[in-house]
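# Fold and contact review
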Amino acid sequence: MKALVVEDHKTAPILKDIETPEPADGEIRVRVETCGLNFADLLMVTGQYQDTPPLPFTLGMEVAGTVDSLGAGVSGFKKGDRVAVFGGHGGLAEYGVFDARRAVVLPDAMPSADAAAFLIAYGTSHLALDHRARIQPGETLLVLGAAGGVGLTAVEIGKLMGARVIASARGADKLAVAEAAGADILIDAETADLRAEVKAAGGADVVYDPVGGDQFKAAFRACNPEARLLPIGFASGDIPEIKANHLLVKNLAVLGVYWGGYLAFRPEVVTESLRTLFGWYAEGKLKPHVSHLLSLDRAEEGLELLRLRKSTGKVVIQVAESA
C-alpha cells in the first residue's frame, strides 16, 4: 500500500510503498478514505510534537473510512462499518490499523470529508469551551487564529453555546470565513491593535488561543477579571511565558487543553463531548469547513498550506473514494 512516511526528522516525508499492516489484538484495520491534516503533523515531521512516534512512521492523526478487518477481542464493530478514528498517526495511507477504542461509528449522513475534519477540531473546541472554560451564555469569547482548523470550530461552537464571539484572523478573506461561522466582531491580526480592539469591545471573558506568541500576550492584557485563557497550541512557534503575579491581579485562570490527552486518563470526557457534537451535526447546527481536498500524492502540498497559513478550516486528504 502507499503511505506518507517520515524516515528522519531532517527531511520531508516520502510517499512510498510499504507492507499493508495486520490488526493486532484490540485493533481494527481501516480502509482509509480521508485523512484530516493538523498543525501537529508538521511538528511530528521535525520531532517536536509531544506524542511523536518512533521512526519510521506514517503521518496522519485522524481518518475516516471503512472497517476492513478486526483483531482479536474487538467488539462493537464489524466489517463494513463507517468509522472515524483519532489514531495519532498512521492515517496518510491506504490502510491503517488503530486501537478500536479510538474509533467511533459515523452517522449515516456524514460524508467522509466532513468526518476527517471533525474529531480533533470540533472535539478540541467543545472540550475547551465546555469542560475546561465552562463558558456561559452572554460571555465574550476571543478566538485567535479564528479561520484556522480549530479556531473556526471555536467560533462556531462558542456562538452555538450563547457567547458573543470576537474573531481575530489575518486578512479580510479569513475574517469573512470567521464571520460566516458566526463571529460577532472581527479583528484583523495583521493590522489592528488586538489589545485595544478587544478592550474597546468590552474585554474578553474567555480566550481561545491556538497561536501563542505576541497575540497571547495582547489577549492576556485585554482580559476581564476572572477570565479564563485556553492555550490550545503555538502555531506562531513562540510559547509565551506567563507571570503569576499578573494572574493574581485580575484573578485570571490559564487552563491548558490537550484533547488527545483525555483519551489516556478520562476517555469518557471525550466520548460524551463527541456524542454532543455528532448530535449537533445531525441537527444541522455544525458544518465543517474544508478549504482544500487533495489526493494522497499531494499530501505534502497540503502540509505546506498549513505551514504557510494559506488554508481556512481544514485541509483534508482524499485517499480513496467512499465504499
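Everything here concerns the structure above.
The paragraphs below set out a description of the structure included in this document.

Cut-offs applied
Positions within a chain are numbered from 1, following the residues in the order the chain's sequence is written. Local features in this predicted model are restricted to residues whose pLDDT is 70 or higher, and side-chain atom pairs enter the listing and the counts only when it is 80 or higher, whereas totals over whole chains, interfaces and linings include all residues. Neither water nor hydrogens contribute to the side-chain values; these are computed over all heavy atoms in the structure. Angular values range over 0 to 180 degrees, each being the angle between N-to-C directions of two axes fitted as lines to C-alpha atoms, with helices fitted over their stretch in contact. Here a helix means four or more residues in a row that DSSP labels H or I, a strand means two or more in a row labelled E, and each is numbered from the N terminus. The scheme is simple: roughly parallel for angles under 35 degrees, roughly antiparallel for over 145, roughly perpendicular for 65 to 115, oblique for anything else. Contacts were defined at the residue level, with two residues in contact if any of their heavy atoms lie within 4.5 Å. Basically, the charged four are Asp, Glu, Lys and Arg, the nonpolar ten are Ala, Val, Leu, Ile, Met, Phe, Trp, Tyr, Cys and Pro, and anything else, Gly included, counts as polar. Think of a nonpolar core as a cluster: buried Ala, Val, Leu, Ile, Met, Phe, Trp, Tyr and Cys residues, connected wherever their side-chain atoms sit within 4.5 Å. Under the scheme applied here, a residue whose accessible area is under 20% of the maximum for its type counts as buried, over 50% as exposed, and between as partly exposed, the area being computed with a 1.4 Å probe on protein chains only. The pairing criterion is simple: DSSP has to find at least two bridges between the two strands. Note on ring pairs: Phe, Tyr and Trp rings are taken, using the six-membered ring of Trp, and paired if centres are within 6.5 Å. Classes follow the plane angle, with under 30 degrees stacked, over 60 edge-to-face and the rest tilted.

Let us look at the packing of helix 3 (residues 119-132) against helix 10 (residues 267-282). Close contact between helix 3 and helix 10 brings their axes to 10 Å; oriented N to C, the two are set at 110 degrees. Our classification of the angle between helix 3 and helix 10 gives roughly perpendicular. Mapping the contact onto sequence places Leu119, Tyr122, Gly123, His126, Leu127 and His131 in helix 3 and Val269, Val270, Ser273, Leu274, Thr276, Leu277, Phe278 and Trp280 in helix 10. Across the contact of helix 3 with helix 10, the residue classes tally to nine nonpolar, five polar and no charged.

Before going further, it helps to spend a moment on the nonpolar core. Here is a general trend for soluble globular proteins: nonpolar side chains tend to be buried in one another's company. Ranked by size, the top nonpolar core spans 82 residues in total, and within it Leu59, Leu92, Leu129, Leu141, Tyr208 and Leu230 carry the most contacts. Core analysis: the second largest hydrophobic core is formed by 19 residues, Ile166, Leu194, Ala222 and Ala227 among them.

A few words now on helix 4 (residues 151-160). A large share of helix 4 lies buried, amounting to eight of its 10 residues. Residues of helix 4 that are buried: Gly151, Leu152, Thr153, Ala154, Val155, Glu156, Ile157 and Gly158.

This part takes up the sheet that holds strand 14 (residues 253-254). With respect to topology, six strands assemble into an open sheet ordered 11-10-9-12-13-14, the strand pairing being parallel. Looking at strand neighbours, the two that pair on one side only are strand 11 (185-188) and strand 14, the edges of this open sheet. The pairing of strand 9 (residues 140-143) with strand 10 (residues 164-169) spans four bridges and is classified as parallel. Bridge pairing in strand 10 links Thr140 to Arg164. The strands that helix 3 touches are strand 9, strand 12 (204-209) and strand 13 (223-231); relative to strand 12, the one it contacts most, it runs at about 150 degrees.

Attention now goes to the sheet that holds strand 4 (residues 57-58). Read across the sheet, three strands follow the order 2-1-4 without closing on themselves; strand pairing throughout is antiparallel. With one partner strand each, in any of the chains shown, strand 2 (14-17) and strand 4 form the two edges of the open sheet. Sheet topology places strand 1 (residues 2-6) next to strand 4; two bridges connect them, and they run antiparallel. Note that in strand 4 the partner of Val5 across the bridge is Thr58.

Taken as a whole, this structure holds six aromatic pairs when the rule is applied. Seen from their ring centres, Phe118 and Phe278 are 5.2 Å apart, and the 5 degrees between their planes marks the pair as stacked. Highlighted residues: Phe118 in the loop between helix 2 (112-116) and helix 3 and Phe278 in helix 10, separated in sequence by 160 residues. Here Phe118 falls in the buried class, since its relative accessible area comes to 0%. Grouped by ring-pair contacts, the aromatic residues Phe118, Tyr122, Phe278 and Tyr281 constitute a single cluster.

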